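Each chain, written out:
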Amino acid sequence: MRKFSRRLVVASALALSVITAPAAYAEDQILASVPGLTFPFFVHMMNAFKAEAAKQGMGVIESDGQVSSPKQTADVEAAITQGVKGIVISPNEVDAMAPALQQAVDAGIPVVTVDRRVEQVAGILAHVGADNVKGGEAQGNLILSMFPDGATIINLQGQSGASPAIDRNKGLHNVLDGKDKYKIVFEQTAGFDRAKGLSVTEAALSGMAEPPKVIVAANDDMALGAMEAVKSRGLSGIAIIGFDALPEAIAQVRDGGLTATIEQFPGQQSALGVQTLVDFIKTGKQPAEKVLLLTPVAVTKDNLNIAERLGEVK
């Protein structure tokens, strides 16, 4: 098992993409790791990591976790071996990534988590994220305001084991549970994936005598998949609520394909994460706040201007 792990680390080290630092900081590199660059949300997050690191004069070793905790673990282990100055990471799965992050902390490498918090690791420098419970509550409260007389709801949950999925689902249930007029008639994970959002929604709709009033999804990719499923069945009048405020989702909110999305300001999260890490690397000063959570906000046609990525909308 140990030999396999070493081969994995070496292979991962070769696969890491190194963003060249300015000559004066050639040896000052941090690892920036996200769960998977097939997701537009994490592409945006990685771009924000790199942009802020460049401002701070730090090089970046870029890690694409490929939606695989073993791959992301190997990337972290490779970075430890390479002697990075610090790690900023959005973990693929919080439990599965804990051993590798504990290894980094024990090696004296500061770690800042972004978006997904790994509470069981002692010594994490800081966590910067969105309050995903409040984000789920924002979805629930929007449903209450839109449908005061009650609603039937399909709930597309996120990736199993991912803390944002767990917390967003918790927030939604915080608002809806115990209210008899609001019934979740179908609830299943679609893995934060658009194709699965489409297929799971199709399966749900095919088993219903009447379409639901609302489809709520734990991210925009699933919501956009659900939108396609609704269109393919010729249905209308179903409110579809996403989460993440991707440019495509913002455009669909503007044009009426989606009802709303939840803005959690990932660019701000990522920049603050890198700032916190680099401040500690350069000064040794502990951050004033170990946990900094931004409050997500529902974006509808009425307040599109608050969306962080509105400028990317075509």
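Here, every reference points to the structure presented above.
The structure presented is a predicted model; accordingly, all values stated were derived computationally and were not measured.

A.B. asks: Quick one: what's the story with empty space enclosed by the protein, residue by residue and with numbers?
C.D. replies: In total, this model carries 2 cavities of 30 Å³ or more according to the counting rule given. Approximately 130 Å³ is the volume attributed to the largest cavity. Secondary structure elements with two or more residues in the lining of the largest cavity: helix H2 (40–55) and helix H6 (163–176). Its residues placed into classes, the lining of the largest cavity shows 7 nonpolar, 4 polar and 5 charged. The calculated volume of the second largest cavity comes to roughly 40 Å³. Every residue along the wall of the second largest cavity is listed here: Gln 139, Asn 155, Leu 156, Ala 165, Arg 168, Asn 169, Leu 172 and Ala 218. Elements with a contribution of two residues or more to the lining of the second largest cavity: strand S7 (151–157) and H6. The biggest single contributor to the lining of the second largest cavity is H6, with 4 residues.

A.B. asks: Lay out the pattern of salt bridges in plain terms, naming residues and giving numbers.
C.D. replies: A complete count under the given rule lists 9 salt bridges for this structure. In this structure, Lys 50 and Glu 62 form a salt bridge, with 3.3 Å as the shortest nitrogen-oxygen distance. You can see Lys 50 sitting in helix H2 and its partner Glu 62 sitting in strand S3 (residues 59–64), a full 12 residues away along the chain. A salt bridge links Glu 312 to Arg 309, with the nearest nitrogen and oxygen atoms 3.0 Å apart. Judged by its relative accessible area of 9%, Arg 309 falls in the buried class. Each of Arg 194, Asp 221 and Glu 248 takes part in salt bridges that share partners, so that together they form one network.

A.B. asks: Before we move on, could you go through the pairing of strand S5 (residues 111–114) and cite the residues and values that matter?
C.D. replies: Of the two faces of S5, both are covered, the one formed by Val 111 and Thr 113 as well as the one formed by Val 112 and Val 114. When strand S4 (residues 86–89) meets S5, the two strands line up parallel, connected through 3 bridges. When the sheet's bridge partners are listed, Ile 89 is paired in S5 with Thr 113. As a crossover connection, the stretch from S4 through helix H4 (residues 94–106) into S5 is right-handed.

A.B. asks: Describe unusual backbone geometry, naming the residues involved and giving the relevant values.
C.D. replies: Non-glycine residue Gln 66 carries a positive phi angle of around 55°. Looking at the secondary structure, you find Gln 66 in the loop between S3 and helix H3 (69–82). Of note, the phi angle at Asp 115 is positive, near 75°, even though the residue is not glycine. Counting through the fold element by element, Asp 115 comes out in the loop between S5 and strand S6 (126–130).

A.B. asks: Quick one: what's the story with the packing of helix H5 (residues 132–146) against H6, residue by residue and with numbers?
C.D. replies: Where H5 contacts H6, the axes come no closer than 6 Å and their chain directions differ by 40°. As judged from the angle between their axes, H5 and H6 are oblique. Remark: the crossing between H5 and H6 carries right-handed chirality. When H5 is examined against H6, the residues Asn 132, Val 133, Gly 136, Glu 137, Gln 139, Gly 140, Asn 141, Ile 143 and Leu 144 are found in contact with a partner set consisting of Pro 164, Asp 167, Arg 168, Lys 170, Gly 171, Leu 172, Asn 174, Val 175 and Leu 176. Of the residues belonging to the contact of H5 with H6, the class tally is 7 nonpolar, 7 polar and 4 charged.

A.B. asks: If you had to explain the packing of H2 against helix H10 (residues 266–283) to someone new, which residues and values would you point to?
C.D. replies: One can describe the packing of H2 onto H10 by two numbers: an axis separation of 8 Å at closest approach and a directional angle of 40°. The angle between H2 and H10 places the two elements in the oblique class. Every pair of crossing elements has a handedness; the one defined by H2 and H10 is right-handed. Contacts between H2 and H10 pair Phe 41, His 44, Met 45, Ala 48, Phe 49, Glu 52 and Ala 53 from the former with Pro 266, Gly 267, Ser 270, Ala 271, Val 274 and Gln 275 from the latter.

A.B. asks: So what's going on with the pairing of S4? Residues and values would help.
C.D. replies: Neither face of S4 is exposed, since Gly 86 and Val 88 on one face and Ile 87 and Ile 89 on the opposite face are all buried. One ladder, built from 4 bridges, connects strand S2 (residues 29–34) with S4; its direction is parallel. Residue pairing across strands places Ile 30 opposite Gly 86, the latter belonging to S4.

A.B. asks: Run through helix H7 (residues 194–206), naming residues and quoting values.
C.D. replies: In a regular helix each residue adds 1.5 Å, so 13 residues correspond to 18 Å; H7 covers 18 Å between its end C-alpha atoms and thus fits that length. Among the residues of H7, Gly 197, Val 200, Thr 201, Ala 204 and Leu 205 are the ones counted as buried. Considered in projection along H7, the buried side chains sweep an arc of 130° and stay on one side of the axis. Residues of H7 that are exposed and point more than 90 degrees away from the buried face comprise Ala 195 and Ser 206. The inward-facing, buried residues of H7 abut S7, strand S8 (182–189), strand S9 (214–217) and helix H8 (220–232). A distance of 3.1 Å separates the backbone nitrogen of Ala 195 from a side-chain oxygen at the start of H7, and that oxygen is part of Asp 193.

Quick notes on the rules
Residues numbered from 1 in each chain as written. Predicted model: local features only at pLDDT ≥ 70, side-chain atom pairs only at ≥ 80, totals over all residues. Heavy atoms only, no water. 1 Å grid on protein atoms, 1.4 Å probe; cavity = no way out; pocket = protein on both sides within 12 Å on 5 of 7 lines; lining within 4 Å. Points joined across faces, edges and corners; volume = space filled by probe spheres on them. Helix = DSSP H or I, 4+ residues; strand = E, 2+ residues; numbered from the N terminus. Nonpolar A, V, L, I, M, F, W, Y, C, P; charged D, E, K, R; others polar. Salt bridge = Lys/Arg side-chain N within 4 Å of Asp/Glu carboxyl O. Buried < 20%, exposed > 50% of the residue type's maximum accessible area, 1.4 Å probe, protein only. Pairing = 2+ DSSP bridges. Right-handed = clockwise from strand over helix to strand, strands pointing away. Axes fitted to C-alpha atoms, helices over the stretch in contact; angles between N-to-C directions. Parallel < 35°, antiparallel > 145°, perpendicular 65-115°, else oblique. Left-handed = near helix turned anticlockwise from the far one by under 90°. Contact = heavy atoms within 4.5 Å. Expected span 1.5 Å × (residues − 1). Arc of directions from axis to C-beta. Polar contact = N/O pair within 3.5 Å; in protein donor to acceptor, adjacent residues only side chain to side chain.

What is shown is where atoms sit, not what they do.
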